[in-house]
Each structure stands twice: as structure tokens, then as C-alpha cells.
Amino acid sequence: MMDFWIILTAVLVAGACSILGCFLILRRMALVGDAISHAVLPGIAIAFLMSGTRDSMWMLLGATAFGLLTVFLIQTLQTAGLQSDASIGIVFTALFAVGVLLISLNAQHIDLDLDCVLFGEIAYVPWDTWTLGGTDMGPRAVWMLGITVTVILLLLGLFYKQFKLCAFDPAMAAACGIPVLLFHYLLMGMVSMTAVSSFESVGAILVVGMLIIPAATAYLLTDRLGVMIGLSVAVGVVSAVAGYLASYLLDASIAGCIVSVAGILFILSLLLSPKHGLIAKASRRRSAAGVL
Amino acid sequence: MLEWLISLWSDPNTRWILLGCTLLGLGSGVIGSFTFLRRESLLGDTLAHAALPGVCIAFMLTEVKSAGLFLAGALLAGVAAVLCVSAISRHTRIKPDAAMGIVLTFFFGVGTVMLTHIQHSGSGSQSGLDKYLFGQAAAMVTGDVYVLMGVSLLLIVLALLLFKEFKLISFDPGFARGIGLPVGLLEHVLLILTTVAVAAGIQAVGVVLVAALLITPAAAARYWTDRLPVMLAAAGVFGALSGTAGAAISTLGEGIPTGPVTVLAATLLFAVSLLLAPGRGLAARALRHRGMRAAYARTVDGGAPPTGAAEGRES
């Protein structure tokens, strides 16, 4: 049963991240995802301090707000004339520093280890359960992730066309009368929500891995958005399950193994993809040279 | 207050750490200015995360904890990571930012696996390896501080010696190639210097925050000047001030970590620069804007020709 909860958590993290990752990759905002996943730390710490418990909804809302604040600050610095890479770097390091400081200063009030911030503690997920009216409802992380995945599926299902157009051609979307900025912030809100709910299970850095790597793998394999999302989720889920098994064999961090497996899958598709793979490209070049 | 300052200087250990952090801030501020101008600021973040497997391999091979050895491991892993990023973004349709994200997290994931493997194997001497990675300057011993200071001085001296070349490749690589400079080689040298700065900084401020040592002082310095030598000096001073503040304030209490304080000091300097710097700062811009509006209103009232109006709107 323990294994089941851990794998279910990993699969939910992988699912939520790999769907959103496709849109981040297409909008060239991979590193904004990186920034958000670090910058939600002060939100989590403040939610901890204010509510005093690990009450999920507080945490989810507070930290999601910080994710949106990050996006807003990055945008503001850019309009103030700072180049985009530097504005991302300044905002997320500053917010992460605030988070680390808050946690270390209130170490006795916040039940959050700094190692856990970076690597996550997915192995402890089954013990941290949520009780409602005295009955055990199962692990809290699974509930939070479940809510997140539902929100993502609901929003994407309702507005798939709009998100797609915004991802490929924001100018065209604006010309069609789609509120591009609103959808931008909706997407960023979903990324923040995912980052927060995955935070305790896989840590700040590995969330980024699950956001970017499966989506990039799928991006090399197909040219159609629908197929890309499907493949991305498949890669994410396979990495989650295989990573869990690998961590068992190596006696090492589960989250680390999951991202490593995803990375290996990425390398495979980088080499072997029929259209965009390095081997296919090289052989195409050779046959072109043969024709000449 | 005064007692605190005296105690900082009288305790030899604290004094060394203070000096080491100051020099580190100075060195990374200077090197960071070049990466900032080349719009490669986030490379520092990639390098820092990629250092983890390098440090772990260095430890697994030798079973010794030494700053010099970790530096070598981090350097090699950083170079490998950068090669991967440029290979992915050159040969596939994946954009450089996504390539950085992939390499960063993959290296860090592999490093995490190695780190936990080492910790679980329980070889005894591994304790403190995570201290090295998450940054606690107070945990440094004198030998580590010497390495830190040596490395920072080396960075500053090399940056001054190669100033002209780095200036050219930061502003106009095409021109640099045209007059026969070995641009590829110089870019690699700059990259290695950046990696060294990052690897040295990890121990003081930690994996995640070390990128800020490169970015924030340089970005703050950019607001004060349009001349590169002045910018380098300002970035160095901002970096040094943040390093000093971080090391000094973290001596105040047990639980105050060096890294976040250093980064927040740098961010404060950046915010002040953003708002108040003459010329490029937001306040100066707003004032200029108002002045122009007033001038425009006057010309309109005075019935002056509309040429002034066009100028006012443009700037």
C-alpha cells in the first residue's frame, strides 16, 4: 500500500507537470517555470507561519499567489528595461532567499527541512495523511495533486483552442479577440499551483525537471500539439514508475531517480527520434550528399 | 553595534570568513558583468546545479572533503553541462532556455541520486557534504577560505588582464572575429572563469542562490553607468558589500544562513539602483518625463511650432 501511494503521487506530479510543460516549451518560457518553482518557497513558509498547520488549502492559495507575483515582478522588471534572463534570475533568487531565511529563522515553528525543499520527501507521503471528521482520507499530497490535476484538465478542456493559439501565435490570438494576458496568467497560475502541490513530494528543482524534460522529449517526437501532450504525459508517467523502481535498486533519492530516468528518455529520443533525432538527421545528410 | 563590529574583527576565524566572502563577491561581481552583457546570466544557475554530480564523483573517488578537490569536480561537471546545452540547442529545434532547463535538472537529478547513495552507504566521512552544497560560510575551515580567496583573486586578475578581449566579445563578437581575435577560445576562457566563480561561491551561498552573485550586482551596476570599466568596478563593489553583509549578519545568530542574507543584500542594492540611479533609474526617468511634459505644455501654450512636440513624445 505504501508503494501504491508513492507511485500514485509520482504519477500525479508527472501528469500535471508534463501537460503544462508542453505549453511552457512552446511559449519559450521554460525558465519561467524554473523561477516559479523556486519562488513559491516564501509563500509556503508564510502560509505555514500564518495557519500554523500543514493545512493544504491555505498553502495552495498562498503559495500560488507568490507564483503569480513572480511572473508579475519578472514582467515589471522587463518593462523597466532589464533584459529577460537577468530579471528572471534576480526575482527568483531574491524570493528563494526570503523563503530560506524565513524557514531558518522560524525553524521551531516550521516543520520543513531545507533538504526537503530541494529534493522533496516523496517517501514520507503515505504517512502524512489528511483526516476529515475523524476518518482517514489518504495522503494529503495525493489530495492536493488530485485537485491540481482536476483544475488543469478542466481549464485546458474548456479553453484548449485558446491556449493553443496563445502558445503558437499570441499576436494572432490577440487579433482574434482572445484575452492573451488573462490566459498567460491562467497558465502561470496553473504552473504555480503544480509547483506548490508537488513541492513537498519532489522538491523545487525536480519539479522543473518534470515540467521541462518530458515535454521536450515529446517535442522532438511530434509536430502536433495534441500528440505532444499525450506523449509528454506518457514519458512523465513511465519515468515516475521506472524511477521509483530504480530508486529501490540503487537505494537513492526517489525524486532524483525519476528525473534521471526522464533525462535518459530524453537522450534516447534526442538520438533516435525518426524526424528530429540526431541519427536520422545525420543519415539524411549523408543520403543528400550521396545524391550530389 | 560597535561591540559586534569589534568582535567580527577580533575573532580570527570570523575575520577570514568575512574577507573570503568579500573577495568572492568582488570576483563574481566582476565576472558576472561580462556574462550579464552577453545575456547569459542564467548560465550561472545551470553551472551551479550541474556541479552537484561533479562534487559527488570527486568525493566518491577520493573519500576526502576538500574545497580544492570539489572545485575541480564542479569545474569539470560545469564544462560538461555547458557543452551539453550548446549541443542540444545547436543540433535540435529545442531552444537554448529549454536546453538549459533540461541539462540543469538532469545533472541535478543524477547528482541527487549520487548524494543520497553516498549518504545511505554511510561511509561516515560524508557528513557535511550537504553543508557544502547548501552553503554555510561559517562551516568553512581556514583551508577552504584560502582556496576561496585564491580563486577570487585569480578571477579578478584574469578579468583585468583580458579586459580588452572580454569587452570586445561581450559587445561585438563579430567584430572581434573580424580583427582576428580567437573568439571561440576567449568565450571558453570566460566560461571557465564563470564556472570557477560559481564553484567557489556554492560553498558560501549554496547551489540555488549562487547564480545571484553573478547576476544581481552586475544588473545593479548597469543602472549607474554606460562605461564598462565603471560598471565592473561598481559590480565588484556591490558584490563585495553583499558578501560582507552576508558573512557579518550571519554571525549574529545561530540560525541565520549566509547565502540568503548575501543575496538579499545584493537585491536591496539592486532595488536602490533601479529606483534611484541617475539617468537610467526609474525616479530619474519619471522626473525627465515630467519635465518633458511641462516643456511640451509650454510650447503648445506659447504657440511654438510642433517640432518640439514630436521630440517630447519620442523621448
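Here the structure is a predicted model, which is why all the values come from computation and not from measurement.

Here's the deal with the overall build of chain B
A tally of helices and strands in chain B yields 15 helices and 0 strands. Overall size of chain B, expressed as C-alpha extent along the three principal axes, is 85 × 60 × 35 Å. Put simply, chain B has 315 residues, and 50% of those count as buried. Long-range contacts, defined here as pairs at least 24 residues apart, represent 71% of the contacts in chain B between residues at least 6 apart.

Side note on the overall build of chain A
Secondary structure assignment for chain A yields 11 helices and 2 strands. In sequence order, the secondary structure elements of chain A are arranged as α-α-α-α-α-β-β-α-α-α-α-α-α. The C-alpha extent of chain A, read off along each of the three principal axes, is 75 × 50 × 35 Å. Residue burial in chain A is summarised as follows: out of 292 residues, 52% are buried. Residue pairs in contact within chain A that sit at least 24 positions apart in sequence constitute 71% of those at least 6 positions apart.

Quick notes on the environment of T194 of chain A
All names here are of chain A. With respect to the helices and strands, the residue T194 is situated in helix α8 (residues 180-221). Given 32 C-beta atoms within a 10 Å radius, T194 is considered buried. Sequence separation between T194 and V207 is 13 residues; the distance between their C-alpha atoms is 8.5 Å.

Thoughts on helix α3 (residues 43-62) of chain B
Residue and element names in this part refer to chain B. When the terminal C-alpha atoms of α3 are compared, their 29 Å separation across 20 residues agrees well with the 28 Å that a helix rising 1.5 Å per residue should span. The sharpest bend along α3 measures roughly 30° and falls at A51, with the proline P53 sitting one to four residues further on. When you tally the buried positions in α3, you get 16 out of 20 residues, the bulk of the element. Positive backbone phi, at 60°, marks E63, one or two positions downstream of α3.

Things to note about the interface of chain A and chain B
Contact residues are listed per partner, giving 50 residues for chain A and 45 residues for chain B. When residues in the side of chain A that touches chain B are grouped by element, the largest group, 14 residues, is from helix α4 (residues 84-105) of chain A. Considered class by class, the residues forming the side of chain A that touches chain B number 34 nonpolar, 11 polar and 5 charged.

Re the packing of α4 of chain A against helix α11 (residues 210-222) of chain B
Orientation of α4 of chain A relative to α11 of chain B, taken along the N-to-C sense of each, is 115°, at an axis distance of 9 Å. Note on packing geometry: the crossing formed by α4 of chain A with α11 of chain B is left-handed. Contacts between α4 of chain A and α11 of chain B involve A86, G89, I90 and T93 of chain A from the former and A211, A212, I215, T216 and A219 of chain B from the latter. Split into classes, the residues belonging to the contact of α4 of chain A with α11 of chain B amount to 6 nonpolar, 3 polar and no charged.

Quick look at the confidence of the model for chain B
Across chain B, pLDDT averages 85, with 90% of residues at or above 70. Of the two predicted TM-score estimates for the complex, the pTM is 0.88 and the ipTM is 0.90.

Let's talk about the nonpolar core
Within the largest apolar cluster, 205 residues are counted, with the highest numbers of intra-cluster contacts made by A216 of chain A together with A51 and V103 of chain B. Among the elements that take part in this core, α8 of chain A stands out by supplying 24 residues, more than any other. If we ignore the near neighbours within four places in the chain, the residues touching V103 of chain B are T46, A50, A81, C84 and V85 of chain B.

Re unusual backbone geometry
With a phi angle near 55°, R28 of chain A is a residue other than glycine that sits in the positive phi range. Checked against the element boundaries, R28 of chain A lands in the loop between α1 (2-26) and α2 (30-51). The backbone phi angle of R39 of chain B is positive, close to 60°, even though this residue is not glycine. Looking at the secondary structure, you find R39 of chain B in the loop between α2 (12-37) and α3.

Let's talk about the environment of D301 of chain B
Counting through the fold element by element, D301 of chain B comes out in helix α14 (residues 282-301). Considering only alpha carbons, one finds D301 of chain B and V183 of chain B, 118 residues apart in sequence, at a separation of 56 Å.

Digging into the packing of helix α12 (residues 228-249) of chain B against helix α13 (residues 258-276) of chain B
Residue and element names in this part refer to chain B. Interaxial distance between α12 and α13 falls to 8 Å at its minimum, and their mutual angle equals 140°. Taken as axis vectors, α12 and α13 run oblique relative to one another. Regarding α12 and α13, the two cross each other, and that crossing is right-handed. Of the residues in α13, those touching α12 at F238, L241, S242, G243, A245, G246, A247 and I249 are T258, V261, T262, A265, A266 and L269. When grouped by side-chain class, the residues that make up the contact of α12 with α13 number 9 nonpolar, 5 polar and no charged.

Some thoughts on the environment of P170 of chain A
All names here are of chain A. Here P170 shows up in helix α7 (residues 170-175). The exposure class assigned to P170 is partly exposed, which follows from the 16 C-beta atoms found within 10 Å. Linking P170 and L181, residues 11 residues apart in sequence, is a C-alpha distance of 9.4 Å.

Here is what the cut-offs are and how they apply
- Residues numbered from 1 in each chain as written.
- Chains lettered and ligands numbered in written order.
- Predicted model: local features only at pLDDT ≥ 70, side-chain atom pairs only at ≥ 80, totals over all residues.
- Helix = DSSP H or I, 4+ residues; strand = E, 2+ residues; numbered from the N terminus.
- Buried ≥ 20, exposed ≤ 12 C-beta atoms within 10 Å, placed from the backbone.
- Contact = placed C-beta atoms within 7 Å.
- Expected span 1.5 Å × (residues − 1).
- Bend = angle between axes of the 7 residues up to and from the residue.
- Nonpolar A, V, L, I, M, F, W, Y, C, P; charged D, E, K, R; others polar.
- Axes fitted to C-alpha atoms, helices over the stretch in contact; angles between N-to-C directions.
- Left-handed = near helix turned anticlockwise from the far one by under 90°.
- pLDDT = per-residue confidence, 0-100.
- Core = buried A, V, L, I, M, F, W, Y, C linked by C-beta atoms within 7 Å.
- Parallel < 35°, antiparallel > 145°, perpendicular 65-115°, else oblique.

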